[in-house]
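Breakdown of the fold
Residue strings, one per chain:
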Amino acid sequence: MNLNHKQIDSFQQQGFLVLENFVSEPQCEALRQCANKLVEEFDPGERFSIFTTNEQTRHSDLYFLESGDKIRFFFEEEAFGQNGELVQEKNLSINKMGHALHDLNPVFDRFSRNPDLANVVQNLGMQKPLLLQSMYIFKQPKIGGEVHFHQDGTFLYTKPHSVTGFWFALEDADRENGCLWAIPGEHRNALKSRFFRNEEGDGTEMEIWDETPWVKDDAVPLEVPQGTLVILHGKLPHMSKTNRSSRTRHAYTLHLIEADTHYPDWNWLQRGSELPFRGFE
Ligand code: FE2
């Protein structure tokens, strides 16, 4: 698998690239089964960490901050009723798992380090890619939360900028079940903000550099069939709306950076020395 010049040009112009049939149906099914098994084995216990798009509460939790070298589970914001009980079954309540699936789970490790992806990453011009984080996103029926417009570089900062997102549709994604939306060409502008870990290391803050809002009317829906890989430039604004349909919208995402960049210790995602970041090897 190699990208042709037209595809590389298109990625550079638009800031995203859609590659249908990148993942076979059995592979999608294997990843979905593996994810479902992990959720089955997960005992929420006393601790419920809710993934919310409200930056105030979203990442203040150490459960999130310590997940860079673990597999942790984050609930949908609307997963709980008034008395703190789950409104839907546990397997229909988890928003996502993250952020080291690709290093800790053999199925996701094998999938993430497949030669086709390594080729595509090389075609895009990455020299020494590191697989920084992975997420399995469930986008649950009825309660799948909205993710507001953002640039991935806000959350995974390197100097110079290098983060690139790889979004694998493990099920059909359309407007009904909360597909991605992106603003073509907007990746050529600067990062508008940075999300950083506070000096105490127990919370996070957002620093806004540019308050001009994106022109949301310019956004296009990326409706894609199961098996599609969507590559997202790290400065491309993208979002997804709530999933009010009765279907799930499972996706697996990987974020890669260049090894030869500066990765600040104030980035939220950090790892212990026992699990260093690795590339495709
Ligand atoms: Fe993103």
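Look up a bit, the structure's there.
Residues numbered from 1 in each chain as written. Predicted model: local features only at pLDDT ≥ 70, side-chain atom pairs only at ≥ 80, totals over all residues. Heavy atoms only, no water.

Looking at the sheet that holds strand 7 (residues 180-182)
The condition that has to hold: Only when DSSP finds a minimum of two bridges between them are two strands counted as paired. Only DSSP runs of H or I reaching four residues or more are called helices, and only runs of E reaching two or more are called strands; each is numbered from the N terminus. Axis geometry follows a simple rule: fit a line to the C-alpha atoms, using only the stretch in contact for helices, then measure angles between N-to-C directions, giving values from 0 to 180 degrees.
Here four strands make up an open sheet; going across it, the order is 5-12-7-10 and the pairing antiparallel. The open sheet is flanked by strand 5 (147-150) and strand 10 (220-222), the only strands paired with a single partner. Shown here is a sheet whose adjacent strand axes are inclined to one another by a mean of 25°, direction ignored. In this structure, strand 5 lies alongside strand 12 (residues 238-240), joined through two bridges in antiparallel fashion. Among the inter-strand pairings, histidine 150 is bridged to a residue of strand 12, identified as histidine 238.

Points about the state of the cysteines
Here, disulfide denotes a covalent bond that connects the sulfur atoms of two cysteines. So the rule is basically this: We call a pair of cysteine sulfur atoms a disulfide whenever their separation is within 2.5 Å. Only protein chains enter the accessibility calculation, which uses a 1.4 Å probe; a residue whose area is less than 20% of its type maximum is buried, one above 50% is exposed, and one in between is partly exposed.
Per the counting criterion, the structure on display carries zero disulfides. Cysteine 28 provides the cysteine sulfur closest to cysteine 34, a residue in no disulfide bond, and the two sulfurs are 13 Å apart. Accessibility expressed as a relative area gives 12% for cysteine 34, which makes it buried. Unpaired in this structure, cysteine 179 has its nearest cysteine sulfur neighbour in cysteine 28, at a distance of 17 Å.

Looking at the coordination of the iron ion
So the rule is basically this: Each metal site is built from N, O and S donor atoms within 2.8 Å (3.2 Å for Na, K and Ca), and since water is not included, such sites may look incomplete.
His150 (NE2), Asp152 (OD) and His238 (NE2) make up the full set of protein donors to the iron ion, lying at 2.2 Å. Taken in chain order, the donor set of the iron ion reads H-x1-D-x85-H. Of this pair, histidine 150 sits in strand 5 while histidine 238 is found in strand 12, placing the two residues 88 residues apart along the sequence.

Some remarks on the pattern of salt bridges
Spelled out, the test is: Salt bridge, as used here: a side-chain nitrogen of Lys or Arg that lies within 4 Å of a carboxyl oxygen of Asp or Glu.
Enumeration over the complete set of coordinates arrives at 16 salt bridges. The shortest N-O distance in the salt bridge between arginine 247 and glutamate 176 comes to 3.4 Å. Taken together, the residues arginine 247 in the loop between strand 12 and strand 13 (251-258) and glutamate 176 in the loop between strand 6 (164-169) and strand 7 connect sequence positions 71 residues apart. For arginine 247, a relative accessible area of 32% corresponds to the partly exposed category.

Purely geometric numbers; function is a separate question.
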